[in-house]
Amino acid sequence: MPTHPSKSLITRFGGIGDIVLLTPTLKALTERDGIAPDLITGAGWVYPTLKSCPYVSDIYLLDKRGLPRIINSSSRKLKKDLADKTYKAVYNLHQEPRTSRHFDFLDLTPLLEYHGNSIEHESSRRLREAGLAAESRYEDLQPQIFTTQDDINKLLAKDPVYSSPFILVQPGNKKTMVRGDSSRTSNAKFWSNQKWQQVITALASEFPEAAILVIGSPSESDYINEILGPIQSSQIRNYSNELDLIELKAACTLAAGMVTVDTGPAHIAAALGCPMIELFGPCNSITHSPLNLGQRIEMISRFESPEHERRLSPAIGLITPAEVIENFHSTFDFNRTPPTSRIS
């Protein structure tokens, strides 16, 4: 296997949003080294998320990081895959014991990271930690998520709804992808079904020519049915079983807008130019706002007290449907053109 001594290797785990926020660093490494870096990550959905991105080369999986490396089959496979590779630099941007302990086994020596105490955007932090920018400019933080014209054409051929005006609604997050009460305390991004019903009903009323597609993973179908149960309208559809990640990216180039909580699909949509109303909490918009292409993004945060605001800890439950509804007409764009710079 050929080596690439000028290529970098970067490690990043987490959710879809974390990978999207990493893409400016992938681009900066590519521009610095003259070749796209390899990536070690933890889930198969990274492949469709980064499909067509020119700023990443090989993607390797290291899952079940909590298992001892000797019995971790993915760690052993990764060691074999990397055996003949030489890297210019190795960056571990996910420092924690269960990740770091695999590096000796993999014969990798990450460069030291610098962790500051200042409040900064997650993407800016990652660039700084990789030694690529002390203070990121706006153009350094452009998201690098891509789709293809072929994927868009396949989506249009699959369902005529995408050839007409439509709005996406993403009420769920990774906590609603597992069984259990969606309103449980651990689901800090939960917004009540009644509030979602008010917003979705208002969308249908304000935009009668648009389809309202409520999206999520297949495992969220029952959760979405709970939300839509009292609503009787053929205009509003549960599309939790209709879009995989490749199709979601294509749909985000065509939608007039999205209403969403802070979750992975929101980061994908923003990165592909989709106008958006986003409900924030408990993460804050200063450090985790979605990277975008300059389109309208309305981020709504509410705090329980001045102390919570000082600690940048918003509570999504304090946001009212009226605050979302009042931003419909100023946010959605039914005349938008697909972002050609992100379509190959």
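Every residue gets a number counted from 1 within its own chain, in the order that chain's sequence is written. Side-chain atom pairs in this predicted model are given and counted only at pLDDT of 80 or more, local residue features only at pLDDT of at least 70, and totals for whole chains, interfaces and linings cover all residues. Excluded from the side-chain calculation are hydrogens and water; included are all heavy atoms of the structure.

(A) Fine view of the overall build of the protein chain. Each helix is a run of H or I in the DSSP string that is no shorter than four residues. Each strand is a run of E no shorter than two, and both are numbered from the N terminus. A tally of regular secondary structure across the protein chain gives 14 helices and 10 strands. Taking all 344 residues of the protein chain together, the buried fraction comes to 56%. Residue contacts are counted whenever heavy atoms from the two residues lie within 4.5 Å of one another. Considering only residue pairs separated by 6 or more positions, the protein chain has 67% of its internal contacts joining residues 24 or more positions apart. With residues, only the protein chains shown are counted as cover, and all accessible areas are computed by Shrake-Rupley using a 1.4 Å probe. As displayed, the protein chain offers around 15,300 Å² of accessible surface, 51% of which is attributable to carbon and sulfur atoms. Buried, partly exposed and exposed residues are distinguished by accessible area as a fraction of the type maximum, computed with a 1.4 Å probe on protein chains only: under 20%, between the cut-offs, and over 50%, respectively.

(B) Here's a closer look at unusual backbone geometry. Within the chain, serine 52 stands out as a residue other than glycine whose phi angle is a positive 75 degrees. Following the sequence through the fold, serine 52 ends up in the loop between helix 2 (46-49) and strand 3 (59-61).

(C) View of the side chain of serine 123. Within the fold, serine 123 resides in helix 5 (residues 122-129). A 3.5 Å cut-off defines polar contacts: any pair of N or O atoms within that distance qualifies, except that in protein one atom must be a possible hydrogen donor and the other a possible acceptor, and neighbouring residues in sequence count only when both atoms are side-chain atoms. Separated by 2.6 Å, the side chain of serine 123 and the backbone oxygen of leucine 21 make a polar contact. Here serine 123 is in contact with Leu21, Pro24, Thr25, Leu141 and Leu291, once residues within four sequence places are set aside.

(D) Spotlight on the sheet that holds strand 7 (residues 236-238). Here 6 strands make up an open sheet; going across it, the order is 7-6-5-8-9-10 and the pairing parallel. Strand pairing shows two members of the sheet lacking a second neighbour, strand 7 and strand 10 (297-300), which therefore form its edges. With strand direction ignored, the average angle separating the axes of adjacent strands in the sheet is 15 degrees. Strands are labelled as partners when DSSP assigns at least two bridges between them. Here 4 bridges tie strand 5 (residues 166-170) to strand 6 (residues 211-214), and the two strands are oriented parallel to one another. Residue valine 169 lies in a different strand from strand 6, and its bridge partner there is valine 214. Note on definitions: angles span 0 to 180 degrees between N-to-C directions of axes, and those axes are lines fitted to C-alpha atoms, for helices only across the stretch in contact.

(E) The arrangement of the packing of aromatic side chains in detail. A pair of aromatic rings is counted whenever rings of Phe, Tyr or Trp (Trp by its six-membered ring) have centres within 6.5 Å, and the orientation is called stacked for planes under 30 degrees apart, edge-to-face for over 60 and tilted otherwise. One pass over the full model with this rule turns up 8 aromatic pairs. With a centroid separation of 6.0 Å and an interplanar angle of 50 degrees, the aromatic rings of phenylalanine 207 and phenylalanine 328 are classed as tilted. You can see phenylalanine 207 sitting in the loop between helix 7 (193-206) and strand 6 and its partner phenylalanine 328 sitting in helix 14 (residues 328-331), a full 121 residues away along the chain. Accessibility expressed as a relative area gives 9% for phenylalanine 207, which makes it buried. Each member of the aromatic cluster is reached from another via a ring pair, and the members are Phe207, Phe328, Phe332 and Phe334. Remark: a charge is flagged as sitting over a ring if the NZ atom of Lys or the CZ atom of Arg is within 6 Å of the ring centre and within 35 degrees of the ring normal. The lysine or arginine in question, arginine 65, covers the ring of phenylalanine 13, its NZ or CZ lying 3.8 Å from the ring centre.

(F) Just the nonpolar core, in detail. Ranked by internal contacts, the top residues of the largest apolar core, which has 48 residues, are Leu50, Tyr162 and Leu213. Looking at this core, the element that brings in the most residues is helix 1 (residues 16-33), giving 6 residues. In this description, a nonpolar core means a group of buried Ala, Val, Leu, Ile, Met, Phe, Trp, Tyr and Cys residues linked to one another through side-chain atoms lying within 4.5 Å. Counting 30 residues, the second-largest nonpolar core is a separate cluster that includes Ala202, Leu203, Ala210 and Phe328.

(G) Focus on the pairing of strand 1 (residues 8-11). On strand 1, burial covers both faces: Ser8 and Ile10 on one face and Leu9 and Thr11 on the other are all buried. The pairing of strand 1 with strand 4 (residues 89-92) spans 4 bridges and is classified as parallel. Counted as the bridge partner of isoleucine 10 is tyrosine 91 from strand 4. Relative to strand 2 (residues 38-41), strand 1 runs parallel, the two being bridged by 3 bridges. Residue pairing for strand 2: leucine 9 is matched across the bridge by aspartate 38. Viewed along the sheet, the connection from strand 1 through helix 1 into strand 2 turns out right-handed. When the strands point away from the viewer and the path from the first strand over the helix to the second turns clockwise, the crossover is right-handed.

(H) The environment of asparagine 335, seen in detail. Of note, asparagine 335 is situated in the segment after helix 14. Separated by 79 residues in sequence, asparagine 335 and alanine 256 place their C-alpha atoms 7.6 Å apart.

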